[in-house]
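A structural walkthrough
If you want the building blocks of each chain, they are given just below.
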Amino acid sequence: MTDDPRALLALALADDEHVLGARHVQWTGVAPHLEEDLAFSSIGQDEIGHAVVWYSLAAERTGSEPDVLALGRRPDEYRHAVLVERPNGDWGYTIARHLLFDLAEDVRLPVLAASSWTALGDATGALRREERYHLLHARAWLTRLAGGPPEARARLRAGLAAAYPEAVGLFEPFAAEGELLADGTLAVASEALRERWDGAVAAELAPLGLGDVVDRGLRPAAPGGRQGHHSADFTELWTEMTALYRSDPAARW
Amino acid sequence: MVSVTPLPSPADVRAALDMVPDPEMPPVSIGDLGMVVDVSVHGGQVDISLVPTFSGCPATAVIREDVARAVAALDGVEEVTVRFVRDVVWEPGRITAEGRRKLSEYGIAPPGSGQRLPSGPGLLQIGGAPPGVRCPLCGSRDTVTDSPFGPTPCRSANYCRACRNPFEAIKP
């Protein structure tokens, strides 16, 4: 593992997208209907594509290769938030996590766009264009489940209650965040970004009578995913998603 | 007699790129889609910069190889590098007039057919309010977007109520 703060930042961003993308595509073939098979396949594919962008930036700084970073590390070297490694659960949890994660992207990408690391900032343009569709999708399902029959609403509420405390972990400070802030790689600290995100989450949930999910005083679990602390859920997922690479690191696909 | 190998010009390279089919929409070329950002030629060395339509497009590896092969076949080309850049944002407006015409013939509504970002729960309501995207098959706007997530990241799934055919559209 590198100790370059910029490479570590790019890895954390990449791992979030890679691992959530791996979860999203598990809906392929088993979502509630065909359009949702396609939606989660497409969104998962986008997230993995975004991970490739961040892995490439990390690889340029460390002299590595994107695939080696994506698939050639031990589980405790991944820097994603624990939220994204959790199994998909039911539709309520899936939609809750999708919404909370994509709102986090929505507040984070503009900050990254202003980075003094210009290659990182430049890369956000395409990502922001593509993320529009993710948030539209999450909002559409949020509205539908919140206004749906009692079971839909109850499952959504339970999903939000389960996902929110771990979504806070998306704002656990990055490794060497002080240095990233000092040199302008990050224009806003994770803690301050968390406040913006809570505002965005509350703006979505309050009109639906679900605003009580937001707990502004809740701190990210520490040490958490940003420091390589993961759950058994990730060990299982990692084993599956790296199986081909570990069997033949030179494989092409 | 001294034989002189002709050197390729950037125009020759661009003409070749206009002939490289997109792997997922073969009637349309890489050039037609506006994926070519820059071409530079230094003697027999050709450097090509491309932008993917979507970051997660799985066809980029195939496109890179197809482009390298097509350009390497030009007279005088000794070496080709193909790279994808991240500092350019692909937008449907990059598709050429020729590309729009070919897409329409292929049955995919090109940009400028009335696409708009869906909003609110309408995204999930199959059978939303017309006018929708102009049907590339019959020209009607009595159409609905079933889902913004079609068979590839850049295409949405639509249905024409006039000619009763499903069709795809380039996403806005």
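Our structure is the block above this text.
This text gives an overview of the structure that appears in the document. (Residues numbered from 1 in each chain as written. Chains lettered and ligands numbered in written order. Predicted model: local features only at pLDDT ≥ 70, side-chain atom pairs only at ≥ 80, totals over all residues. Heavy atoms only, no water.)

Further remarks concern the overall build of chain A. Within chain A one finds ten helices and zero strands. The linear arrangement of helices and strands in chain A, starting from the amino end, is α-α-α-α-α-α-α-α-α-α. Computed over C-alpha atoms, the radius of gyration of chain A comes to 17 Å, within 12% of the 18 Å expected from 2.2 N^0.38 for 253 residues, which places it in the range of a compact globule. Dimensions of chain A along its principal axes, counting C-alpha atoms only, are 55 × 40 × 30 Å. Looking at the 253 residues of chain A, the share that counts as buried comes to 56%. Of all intrachain contacts in chain A linking residues separated by at least 6 positions in sequence, the fraction that spans at least 24 positions is 77%. Computed over 24 positive and 39 negative side-chain charges, the separation of the two mean positions in chain A equals 3 Å. (Helix = DSSP H or I, 4+ residues; strand = E, 2+ residues; numbered from the N terminus. Rg over C-alpha atoms; globule rule 2.2 N^0.38 Å. Buried < 20%, exposed > 50% of the residue type's maximum accessible area, 1.4 Å probe, protein only. Contact = heavy atoms within 4.5 Å. Lys, Arg positive; Asp, Glu negative; His and termini not counted. Charge placed at Lys NZ, Arg CZ, Asp CG, Glu CD.)

With that out of the way, let us pick up unusual backbone geometry. Note that the residue after Ala 222 of chain A, namely Pro 223 of chain A, is joined by a cis bond; omega there is -10°. Secondary-structure assignment places Pro 223 of chain A in the loop between helix H8 (190-205) and helix H9 (232-241). We note that Ala 176 of chain A has phi near 55°; this positive angle belongs to a residue other than glycine. For Arg 164 of chain B, which is not glycine, the phi dihedral falls at a positive 60°. By secondary structure assignment, the location of Arg 164 of chain B is in the loop between strand E8 (155-160) and strand E9 (165-170). Residue class for Arg 164 of chain B comes out exposed when judged on its relative accessible area of 65%.

The tally for this structure, following the rule as stated, stands at 21 salt bridges over all chains. Note that Lys 102 of chain B and Asp 32 of chain B form a salt bridge whose closest N and O atoms lie 2.7 Å from each other. Remark: Asp 32 of chain B occurs in the loop between strand E2 (25-29) and strand E3 (36-42) and Lys 102 of chain B occurs in helix H3 (residues 97-106); sequence separation between them is 70 residues. On the basis of relative accessible area, Lys 102 of chain B is assigned to the buried category, the value being 18%. Assessed through its relative accessible area of 4%, Asp 32 of chain B is described here as buried. Salt bridges linked by common partners bring Arg 74, Asp 76 and Glu 77 of chain A together as one network. (Salt bridge = Lys/Arg side-chain N within 4 Å of Asp/Glu carboxyl O.)

Membership of the largest hydrophobic core comes to 76 residues, with the highest contact counts inside it found for Trp 54 and Trp 197 of chain A. Those elements giving two or more residues to this core turn out to be helix H1 (5-24), helix H2 (34-62), helix H3 (66-71), helix H4 (91-113), helix H5 (118-146), helix H6 (150-167), H8 and H9 of chain A. The element contributing the most residues to this core is H4 of chain A, with 13 residues. If you look at the next biggest cluster of nonpolar residues, it comprises 35 residues, including Leu 136 of chain A together with Val 13, Ile 30 and Ile 170 of chain B. (Core = buried A, V, L, I, M, F, W, Y, C linked by side-chain atoms within 4.5 Å.)

Residues and elements named next belong to chain B. An order of E3-E4-E5 is seen for the three strands of this open sheet, with the pairing classed as mixed. Looking at the sheet topology across the chains shown, the edges are occupied by E3 and strand E5 (79-84). Taken over all neighbouring pairs, the strand axes of this sheet differ in orientation by 10° on average, direction set aside. Lying on the sheet, helix H1 (residues 10-17) is in contact with E3 and strand E4 (45-50); it crosses E3 at an angle near 140°. The strands touched by helix H2 (residues 60-72) are E4 and E5; relative to E5, the strand with the most contacts, the crossing angle is about 155°. (Pairing = 2+ DSSP bridges. Axes fitted to C-alpha atoms, helices over the stretch in contact; angles between N-to-C directions.)

Our next topic: the interface of chain B and chain A. Between chain B and chain A, the contact holds 30 residues from the first and 30 residues from the second. Between chain B and chain A, the buried area comes to about 2500 Å², and carbon and sulfur atoms account for 62% of it. When the shortest N-O distance is used, the salt bridge between Glu 60 of chain A and Arg 86 of chain B registers 2.8 Å. Summed over the shared surface of chain B and chain A, the number is seven residue pairs in polar contact (both at pLDDT 80 or more). Split into classes, the residues belonging to the side of chain B that touches chain A amount to 16 nonpolar, eight polar and six charged. (Buried area = accessible area lost by both parts, 1.4 Å probe. Polar contact = N/O pair within 3.5 Å; in protein donor to acceptor, adjacent residues only side chain to side chain. Nonpolar A, V, L, I, M, F, W, Y, C, P; charged D, E, K, R; others polar.)

Each pair of packed helices can be described by the angle between their axes along with the distance between the axes. Residue and element names in this part refer to chain A. Remark: H2 packs on H4, axes separated minimally by 14 Å, with the N-to-C direction vectors making an angle of 35°. You can see that H2 and H4 cross each other, and the crossing is left-handed. For the pair H2 and H4, contact is made by Glu 36, Phe 40, Ile 43, Glu 47 and Trp 54 and by Trp 91, Thr 94, Ile 95, His 98, Phe 101, Asp 102, Glu 105, Leu 109 and Leu 112, respectively. Each residue belonging to the contact of H2 with H4 can be placed in one class, and the counts come to eight nonpolar, two polar and four charged. (Left-handed = near helix turned anticlockwise from the far one by under 90°.)

Before going further, it helps to examine the sheet that holds strand E6 (residues 108-109) of chain B. If you trace the four strands from one edge of the open sheet to the other, you get E6-E9-E8-E7 (chain B), paired in mixed fashion. The strands lining the two open edges of the sheet, one partner per strand, are E6 and strand E7 (143-147) of chain B.

Further remarks concern the side chain of Thr 242 of chain A. All names here are of chain A. Mapped onto the elements, Thr 242 comes out in the loop between H9 and helix H10 (243-247). For Thr 242, a relative accessible area of 0% gives the class buried. Ignoring anything within four residues of it in the chain, the contact list for Thr 242 reads Leu 71 and Tyr 78.

Residues and elements named next belong to chain B. Among the residues of H1, those classed as buried are Val 13, Ala 16 and Leu 17. Each buried residue of H1 lies within a common arc of 100° when the element is viewed along its axis, so the set occupies one face. Of the surrounding secondary structure, the elements contacted by the buried residues of H1 are E2, E3, E4 and H2. (Arc of directions from axis to C-beta.)

In short, shape yes, function no, at least from these values alone.
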